[in-house]
Amino acid sequence: MSIETSTKLATRGEQERTTALGDTPAETKLAKVSVDDRCKEAAGIPAIVQTMKCGLREMGVARTTRTFLNVNKVDGFDCQSCAWPSPDNKRKVFEFCENGAKAIADELTRRRVEPSFFAKHAIADLIEQSDYWLNAQGRITHPMIKREGATHFEPISWADAFTRIGAKLRALPHPDDAIFYTSGKTVNEAAFLFQLLARQFGTNNLPDCSNMCHEASGTALTDTIGIGKGTVTLEDFDHCDTVLIIGNNPGSNHPRMLTTLEEVKHRGATIVSINPMPETGLMRVINPNPQDYSNPLKLPLALLGSGTALTDLFVPVRVNGDAALLQGVMKLLVERDRKNPGSVIDRAFVAEHTSGWDDFVEGLEKTTWEEIVASSGVDRTMIEQLADIVGRGKRMIILWCLGLTQHPNGVDNVRQVVNLLLLGGHIGRQGAGPCCVRGHSNVQGDRTMGIWERPKEAFLAALDAEMGIRSPRQAGVDTVEALHALHDGSAKVFFAISGNLFSAAPDTRFTAEAFRRCPFVVHVSTKLHRGHLFGGQEAILLPCLGRAEREVYGGKVQLSSAEDSMGIVNPTRGTEEPVHADLLSDTEIIVRIAQATFGKEGQPVDWESLLDHDRVREHISRVIPGFDRFNERLREGFFYLPNAARERTFRTSTGKAKFSSCGIPQHDLAPGELLMTTVRSHDQFNTVVYGLDDRYRGVWGGRRVIFVNPDDLKELGLADGQSVDITSHFEGETRTAHGFRAIAYPIARKSAASYYPEANVLVAVRAINECNQPAHKCVRITLRAASAAPAIAANERPRLGP
Ligand SMILES: Nc1nc2c(c(=O)[nH]1)N[C@H]1C(S)=C(S)[C@@H](COP(=O)(O)OP(=O)(O)OC[C@H]3O[C@@H](n4cnc5c(=O)[nH]c(N)nc54)[C@H](O)[C@@H]3O)O[C@H]1N2
Ligand SMILES: Nc1nc2c(c(=O)[nH]1)N[C@H]1C(S)=C(S)[C@@H](COP(=O)(O)OP(=O)(O)OC[C@H]3O[C@@H](n4cnc5c(=O)[nH]c(N)nc54)[C@H](O)[C@@H]3O)O[C@H]1N2
Ligand SMILES: [Mo]
């Protein structure tokens, strides 16, 4: 079967046909791409310039100053960008990064999407615009509805919108016909209410962005160490001697981590980066510490230097080669320890705290070096070098992100990380452990609050006892199952609070069809996105307050909370005047919909009382372990959630930490085939495209690019800069995306990378791993010279150079 994502993109008319199928339109055909223009180091002056430029452009002077001072402060708001923690005791004047600033400015922009905008632009025309253009139109200010058969969105009052949503939900034959999607932008209090709404309604259909993000990590960690989270804290970075960074691009996605890494480096610890791409932020960094912005004496010296080289060993693993690489390292370590017992393996730890050793070692012995080198794309000498570093380490942290999880064997990839840590006893020891780098600022908190399609009985029982409801026990759908349910027509209502499942999902054309078939789609959003435009027969768009805006109820500014990547619950309190007076908070929208669905009283839950976050937290404190005295502790500052694995208590099926025997993938690429991964640029937050540049990779003014190793390009008979069509291959199906610019780039051989969400058309919806996570980072592709130049999206002018 062949699924063409666009036919010939020579004319506007033809582009319209493909964008109507869901494809992202090309933003420009003249992207200047030059590897020479790549930044040699992360942060430094360009980061400060960008930070100030986007702050001032979007928000003006007063708001820029105020918000930049309030972000990540105990009495301010928690940055809505990534989940990297803020230091416990050393919080600085400016505790944020360039990309945090972009997220804040993007949320508090002075631009507005008002009813007149929707009257002017037909939905069919909006579909022609790029993601960048859609987001750049500004904040949505009024509830809007697209009625069945209508060409435009039109305004609807809040009251009518709630009544309509309540009526649609009540009219469903079965609660499981509704799907309740969330992304990690919601705070804990809103997340708790959202899952309560779904469960009182009678369904566990609570898919979330986590299903596409760290689902593999949660699954592997729960299986092997008994908790679905990492164990390290920021303090551990003060004590580690070795850090392995696998499949993460912190320079763009967790820039504040660079401060931590720079300190680690200055202490003399060894840092290894395992990545098909030599990411700028991993290689060298100049003064990522924004504290110095306020120190006129320190600033020039630090900024003008050549910065700190971070990575001691860069391992250019090929895409999906990590399981094999780690297998090779462990094979060497076990052999070395056999020759010199106790030199590498922490035998006491292994004996006392682990299970599964014999099978694990047998698996290592069975794997041949030919398989390891072929699958990893790394030669034996470099694997020996890596084993030397790991073998020496007494306190090792392994830090990973999506480069490990979004693979067909994503769960095994993370199990391999655990195997390597267990070998040396690097868990429950100061300065050591797994560090699963989470994405959205509160994605970890959402799961803790019960946003999960497969909740545990203990959670449901506690929720029922506290709230007086009877939660369903049958598992709900995750995101991929939700897409199938929408596509086969069994899902009748899709309700999303934050996020953009449409653009985040794999297989864009399948997803577009799935959304089109859904009779009723509701999005609670701050900004306009493509998902709003494909929503069902009838669609409602509800605008809400963002993280930085004041939420007032009963005369009281509401305090909220968010859990970061290290299990720390932080207070967050919007400090800014809302961008429009009619906006409601996520919390209030959930409460009003619950009242419209269950009747004004909301029985048995007193929904009206839940507009007060203190009341919500009282319930949370009695339902979720670790939240006792929630209100008091949040007002005192942040607090750590319990983490038994950190104390070497492993709540697994064997009562011990588990070694796993993991197979390694055999790719058997045919001549001309490459494995493509999908990545974020420096100018986006997930599906939200802030700009068209990717400074660190030297890409300017366009996103429709594919990075390929120069030797592979040569072998394929393609030139650097040539326009190419990409075809993906999955179980006999092909999908083609047209008009990408090939870039000769120092990426590992037989690997390629392009940007998400433009490349999502190429990811098959059935390409998933054992926890149903889409394999967004492992797509088998071929390239050929483009059949035609891509058309340019409306309203965007091509631009040359930075
Ligand atoms: N500014 C900003 N911050 C963000 C986000 C954002 O979009 N913008 N997104 C947030 C979210 S939700 C998340 S989950 C995180 C994502 O954070 P990351 O995981 O850093 O995000 P990606 O851009 O997907 O980058 C994946 C990295 O893995 C590498 N990689 C790709 N395939 C492989 C592979 O097979 N093996 C190895 N070893 N490496 C591989 C890529 O080269 C890249 O460096 O960031 C969060 N923070
Ligand atoms: N090919 C490919 N696909 C991927 C990935 C990849 O690496 N490659 N990564 C995956 C990952 S890790 C993730 S997390 C998902 C991301 O999937 P999502 O989390 O669903 O998507 P986002 O782009 O973060 O959502 C952006 C929207 O959230 C809304 N929003 C922002 N702030 C708020 C708020 O405070 N309240 C409300 N109600 N709405 C708000 C805005 O309208 C904005 O348009 O994508 C996944 N898809
Ligand atoms: Mo994510």
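Please read all numbers here as calculations on a predicted model, not as lab measurements.

Calculation criteria
- Residues numbered from 1 in each chain as written.
- Chains lettered and ligands numbered in written order.
- Predicted model: local features only at pLDDT ≥ 70, side-chain atom pairs only at ≥ 80, totals over all residues.
- Heavy atoms only, no water.
- Core = buried A, V, L, I, M, F, W, Y, C linked by side-chain atoms within 4.5 Å.
- Buried < 20%, exposed > 50% of the residue type's maximum accessible area, 1.4 Å probe, protein only.
- Helix = DSSP H or I, 4+ residues; strand = E, 2+ residues; numbered from the N terminus.
- Contact = heavy atoms within 4.5 Å.
- UniProt positions renumbered as here; feature names shortened; annotations may be inferred.
- Near = heavy atom within 4 Å.
- Polar contact = N/O pair within 3.5 Å; in protein donor to acceptor, adjacent residues only side chain to side chain.
- Areas by Shrake-Rupley, 256 points an atom, 1.4 Å probe, with all protein chains shown as cover.
- Arc of directions from axis to C-beta.
- 1 Å grid on protein atoms, 1.4 Å probe; cavity = no way out; pocket = protein on both sides within 12 Å on 5 of 7 lines; lining within 4 Å.
- Points joined across faces, edges and corners; volume = space filled by probe spheres on them.
- Nonpolar A, V, L, I, M, F, W, Y, C, P; charged D, E, K, R; others polar.
- Domains from an automatic or database assignment.

S.K.: I tried to follow the nonpolar core on my own but got confused; where do I start?
M.R.: One recurring pattern in soluble globular proteins is that nonpolar side chains are buried together. Counting 59 residues, the largest nonpolar core has Phe180, Leu542 and Trp607 as its most contacted members. Of all the elements, helix α9 (residues 188–201) adds the most residues to this core, at nine residues. The residues contacting Phe180, other than those within four sequence positions of it, are Leu169, Phe194, Leu197, Ala198, Phe201, Thr203, Asn205, Leu206, Pro207 and Phe495. If you look at the next biggest cluster of nonpolar residues, it comprises 56 residues, including Ala220, Ile345, Met382 and Cys771.

S.K.: For this particular structure, what's the right way to read the UniProt feature "domain: Molybdopterin dinucleotide-binding" (unreviewed entry) in the chain?
M.R.: Here, UniProt's "domain: Molybdopterin dinucleotide-binding" (unreviewed entry) annotation points to residues 674–764. In the segment residues 674–764, helix accounts for 7% and strand for 45%; the C-alpha atoms at its two ends are 16 Å apart.

S.K.: Just checking my understanding: could you explain the site of ligand 2 for this structure?
M.R.: Near ligand 2 there are 32 residues, and of these Tyr181, His440, Thr687, Tyr756 and Asn760 occur at the shortest range. Separating a nitrogen atom of ligand 2 from a side-chain N or O atom of Thr526 is a distance of 3.3 Å. Arg680 is positioned with one of its side-chain polar atoms (N or O) 2.9 Å from an oxygen atom of ligand 2. In the complex, 97% of the free accessible area of ligand 2, which totals 930 Å², lies under the protein chains.

S.K.: Looking at this model, I keep getting lost on helix α23 (residues 457–467). Mind explaining?
M.R.: Residue pairs spaced three or four apart in an α-helix point in one direction, given the helix's 3.6 residues per turn. Among the residues of α23, those classed as buried are Phe459, Leu460, Leu463, Asp464 and Met467. The buried residues of α23 occupy one face: seen down the axis, they fall within an arc of 130°. Exposed positions of α23 whose direction lies more than 90 degrees from the buried face are Ala458 and Ala465. Those residues of α23 that are buried are in contact with α9 and α29 (613–623). In the stretch just after α23, Gly468 is the one whose phi turns positive, near 75°.

S.K.: Whenever I open this one, the layout of surface pockets confuses me. Can you help?
M.R.: To find leftover empty space, one rolls a probe the size of a water molecule over the atoms. As a volume, the largest pocket reaches approximately 1,300 Å³. Lining the largest pocket are 38 residues, with Ile227, Gly228, Lys229, Trp452 and Lys456 sitting closest to its centre. Those elements giving two or more residues to the lining of the largest pocket turn out to be α10 (215–225), α22 (443–448) and α23. For the lining of the largest pocket, the leading source of residues is α10, giving five residues. By residue class, the composition of the lining of the largest pocket is 16 nonpolar, 13 polar and nine charged. A domain-level breakdown of the lining of the largest pocket finds at least three residues from each of domain 3 (112–213 + 442–645) and domain 4 (215–436).

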